[in-house]
Every structure is written in C-alpha cells, then in structure tokens.
Amino acid sequence: MPWCLTAWLLGTALQLQQASLWSLSVVLTVGSLTVSVGVLLCLLRANNSHFTNCLMGALISFGLALSLVNARCLWQAQHRLDPLIEGKELMLSGIIASLPQQSASGVRFRFQVQSALEVSASRNVVVPEWIDLAWYDRESVDWMTGRHWAGLKAGDTWQFNVRLKAPHGTLNPGGFDEALWRWEQGVMATGSVLTGKRAEAPQKIKTSWLYPVAQARQYVRSEIEKKLLSGDAQTRSMSGVIAALVMGDQAAIQTSDWDLFRATGVAHLMSISGLHITALAWLVARCVGWIWRRSDKWSKASWCLVLPAQQASWLAALLTAVAYSVFTGWAIPAQRTVWMLSAVLALRMTGWRWPAYQVLLFAATVVLIADPWAFLQAGFWLSFMAVSILFVGSQSFRFLPALI
C-alpha cells in the first residue's frame, strides 16, 4: 500500500508539471496498458515475490494517476471561453449560484449560465456554464443597500448584458495564482455586468428555491447586518468580522480591519480553515459520545448495543464537518479538510490500524484524487507538513521498515 500511494502522488505531481496535455489517444493508451498490467498481475500473483508485487502495483498506480489527471484536465479544457467572443457584449440568462459578496464598489457572485446571445450578431453562442460576474454601481453611495443590486438573491434567475474574459491574474512567484484558483473551482470565465445607457438594464426573471444553502447563508448574513448595523460605529464595523467568522464571508470586512489583522498576524483566522472545522467536529464528537454512553438512562436499551459510542461520535464529527464546510461556502481548504477527515475516519471505522505515515499518505492521496490541483496550492503543503511533523513523534511512525 505505501508503494501504491506514493506512486499516485508522484504520478499526479509529474502530470501537473507537464508543459502541455496529452491527447485523448495517448491517455486511453496509457490507461489501457495500466489496466492490462493490473489484470496480468492478479493472474500471476501467486508466482511473484513481494518486491515484484509492490513494484508492479506502484507502476499501475503511477500510470493511472497520469492518465486520470490528464483526462480531467482535457475534459475541463473543453469548457474554456471561446476567444472569438471574449470582450464582446453578450446577453446571458441564468441563475445566481452563490452568496452575492458585496464591497464598497459593487457585488460579485457566481452565475450558472442557461443561455447566451451575442448582441451585435443576434446569434446564440456557447459560453462556460459557470462564470464569476462583477456588478459595479458607482451611482450608489450606501454599499450595504445598493439600490440596483439589493434584489440579488441566490437561486433567482436574471438576465444580464455582460462582457466576458478568460480568468487571469498575476504570476508572481509565491503569490496568489488567480487562474489556478478559478480552474480548481471549475470557473472558466469572468465578466462584468454592463450598466451604461447603451446596455439593456439587468432584469430579474423569476425566483426559485434552487441553491438553498446559498439562500440560507444570505439570510444569516442579512440578520447579522440587521442586528449590528443599528448600533454604534464600532459595532457596525464588526459586522463584516462576525460574518467572516460565522459563515466564511470575508468580502464585508473593511480595509482598515484587514490592515489591522495583517499587522497583528491574525489575518488567517478570518477564513474558515481546517482548524475551525476540526475543532467544531471534535466538540460535536465529544458531546455525542457523552450522550451515547448515557443513553440507557432515558431509553429502554442502550444505543451502544446498536452502534458503539466511538463510531457514533466519529460519524457525528464527519457529518458536522461536511455540513459546516458546505454552509461556509465549500471553499477549497474546507474541502481538503473534509477529505482528510473522511479518509482517517474510514480507516478507523473499518478497524485498520495503519502506521501514522501510511494514514498520512492515504489522506493525501484521497485529497489529490478529489482535487488534483491542490498539489499546486501552498495550503496543501502547509497542512500535510504540519501534520507530518506531529506524526514524527508518534511511535507508529515507521517509514523505512514498512517500505523494506
């Protein structure tokens, strides 16, 4: 198992460093050869040594990682924005698919496109299904109650005149890669809503109950604003911080507050990360375990006879982590945390007692299967390096003996 897991990590890393993607024929060839070798290995397993089995398993895992990551990149590349319509005025109809994030100059939101029309040519065009739109309104003074975008709600169907462009950003070494971040989320285009005199005004077509999680987040944020904006100046400035800590909405935090957080070294606490999710999951697990072990006091039979208290607490922790991650926006760091917790708890639920390093390898492999591009994010390395340092002091950390 360690050989296969390590090979998958190496295969993913190698494929992500390729200058260009393989063609579909090459991907199918590599995948077919990998499967054929795997079937042959199963048939001849009795005649092979342990070392040979480990080596062949590693080669199969390496080939599968190469082909599957490349296939996912090919599939996503087909949804890129057509360069011929980039920058042209388009009329889009679709659904607001995220919590609208307000700022001092406008609002940003994710838009699920249902139809697209090129205005100048009066013809239907194909655009990516998921795009990030920005709606700026320089005439509105109060950014909390902008009169033009105040009616934006998740799940509603709108019609906008927009101009789209392919995602891009600065490529400074060690800096934030906006193009990679949007690619990782499946967003293949960005754009801005046209609000001039020549453009047709945005129109709300209908409301719906689609995207209920985003609607719940918007309701919670509106309630936070109602409670805090009625107070003094200091209380009003804290509304953005409260929204960020409760539901992961960082857009409402004022610039002066960000400067203070960066100067004091607590800016990372304003984002929902693995620390927040695992702390909440641990708290729920402790509470559920305490209740489960004392269930015979108010029930005819102890719940432990149906499901052990330890496993019940693990399941409650996992469900809490998933629910809280979804409610806070299902961001990439939250997704990685959920996959890591799922991998570790699955091993414990099945009773497998792997060494600490092997658990870490398994969790990293699960994360990269779900999100191969996490390998290029600094958060991936910070998370696993921090956990591996903690594992070094564990008695179960036996790396070389297991490989030999």
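A brief look at the structure comes next.

1. Comments concerning the overall build of the chain
- Helix and strand content of the chain: 14 helices and 8 strands.
- Entry remark: accessible area of the chain is about 22700 Å², with carbon and sulfur atoms responsible for 64%.

2. Topic: the pairing of strand β3 (residues 106-118)
- Alignment of strand β1 (residues 89-96) against β3, held across 7 bridges, turns out to be antiparallel. Paired with G94 across the bridge in β3 is V113.
- Note: strand β2 (residues 101-102) against β3, 2 bridges, orientation antiparallel. Bridging across to β3, Q102 finds its partner in V107.
- In this structure, the hairpin formed by β2 and β3 is closed by a connection of 3 residues.
- Two elements, β3 and strand β5 (residues 130-136), share 7 bridges in a ladder whose sense is antiparallel. Bridging from a neighbouring strand, R110 pairs with D132 of β5.
- As paired strands, β3 and strand β4 (residues 123-124) are joined by 2 bridges and run antiparallel to one another. Paired with E118 across the bridge in β4 is R123.
- The antiparallel pairing of β3 with β4 creates a hairpin that spans 4 residues between the two strands, and S122 there sits at a positive phi of about 50°.

3. Observations regarding unusual backbone geometry
- Of note, the phi angle at S122 is positive, near 50°, even though the residue is not glycine.
- For S122, the location among the structural elements is in the loop between β3 and β4.

4. Quick notes on the packing of aromatic side chains
- Tallied over the entire structure, the rule returns 13 aromatic pairs.
- With a centroid separation of 5.1 Å and 65° between ring planes, the pair formed by W292 and W303 is classed as edge-to-face. A residue pair is termed long-range when its members are at least 10 positions apart, and W292 in helix α9 (residues 274-293) and W303 in the loop between α9 and α10 (309-327) qualify at 11 residues.
- Given a relative accessible area of 31%, W303 falls into the partly exposed group.
- Three or more aromatic residues link up through ring pairs in this structure, and these residues are F109, F111, W135, W158 and F160.

5. Some words on the pattern of salt bridges
- Under the definition given, this model contains 10 salt bridges.
- Close ionic contact of R110 with D132 constitutes a salt bridge, the shortest N to O distance being 2.7 Å. Here R110, found in strand β3, pairs with D132, found in strand β5; they are 22 residues apart in sequence, far enough to count as distant. Comparing R110 with D132 shows no difference in burial state: the two are buried.
- The shortest N-O distance in the salt bridge between D132 and R182 comes to 2.3 Å. One end of the pair, D132, is in strand β5; the other, R182, is in helix α4 (residues 178-184), with 50 residues separating them in the sequence.
- Relative accessible area serves as the criterion here: at 9%, R182 is assigned to the buried category.
- Linked through salt bridges whose partners overlap, the residues forming this network are R110, D132, E178 and R182.

6. Observations regarding the nonpolar core
- One finds W183, V367, L368, W373, F375, F380 and F384 to be the most contacted residues of the largest nonpolar core, which totals 24 residues.
- Only α1 (2-16), α3 (50-77), α4, α11 (332-350), α12 (356-370) and α13 (378-392) provide two or more residues apiece to this core.
- The biggest single contributor to this core is α12, with 7 residues.
- In contact with W373, other than residues within four places in its own chain, are L16, R72, C73, Q76, L180, W183 and E184.
- Listed in part, the 22 residues of the second largest apolar core include L92, F111, V127 and A189.

7. Description of the packing of α11 against α12
- Two elements in contact, α11 and α12, have axes whose closest approach is 9 Å; the angle formed by their N-to-C orientations is 135°. The angle between the axes of α11 and α12 places the two elements in the oblique class. For the pair α11 and α12, the sense of crossing is right-handed. Of the residues in α12, those in contact with R336, W339, M340, A343, V344 and L347 of α11 are V359, F362, A363, V366, V367 and A370.
- Class assignment of the residues belonging to the contact of α11 with α12 gives a composition of 11 nonpolar, no polar and 1 charged.

8. A word on the pairing of strand β7 (residues 190-193)
- The sheet contact formed by β5 and β7 spans 3 bridges and is parallel. The partner of L133 across the bridge, within β7, is G191.
- Two strands pair when backbone bridges link them, and strand β6 (residues 157-165) and β7 are joined in this way by 4 bridges, in the antiparallel orientation. Looking at the pairing, K165 lines up with T190 of β7.

9. Remarks on the environment of G379
- One can find G379 in helix α13.
- Put simply, G379 and P333 are 46 residues apart on the chain and 7.2 Å apart in space, counted from C-alpha to C-alpha.

10. Considerations on the environment of S313
- Locating S313 in the fold gives a position in helix α10.
- Accessibility expressed as a relative area gives 9% for S313, which makes it buried.
- For the pair S313 and G289, spaced 24 residues apart in sequence, the C-alpha to C-alpha distance is 5.1 Å.
- Ignoring any residue separated from it by four or fewer positions in sequence, one finds S313 in contact with A285, V288 and G289.
- Within the local environment of S313, its side chain forms a polar contact with the backbone oxygen of Q310, the two atoms lying 2.6 Å apart.

Criteria and thresholds
Residues numbered from 1 in each chain as written. Predicted model: local features only at pLDDT ≥ 70, side-chain atom pairs only at ≥ 80, totals over all residues. Heavy atoms only, no water. Helix = DSSP H or I, 4+ residues; strand = E, 2+ residues; numbered from the N terminus. Areas by Shrake-Rupley, 256 points an atom, 1.4 Å probe, with all protein chains shown as cover. Pairing = 2+ DSSP bridges. Phe/Tyr/Trp six-rings, centres within 6.5 Å; stacked < 30°, edge-to-face > 60°. Buried < 20%, exposed > 50% of the residue type's maximum accessible area, 1.4 Å probe, protein only. Salt bridge = Lys/Arg side-chain N within 4 Å of Asp/Glu carboxyl O. Core = buried A, V, L, I, M, F, W, Y, C linked by side-chain atoms within 4.5 Å. Contact = heavy atoms within 4.5 Å. Axes fitted to C-alpha atoms, helices over the stretch in contact; angles between N-to-C directions. Parallel < 35°, antiparallel > 145°, perpendicular 65-115°, else oblique. Left-handed = near helix turned anticlockwise from the far one by under 90°. Nonpolar A, V, L, I, M, F, W, Y, C, P; charged D, E, K, R; others polar. Polar contact = N/O pair within 3.5 Å; in protein donor to acceptor, adjacent residues only side chain to side chain.

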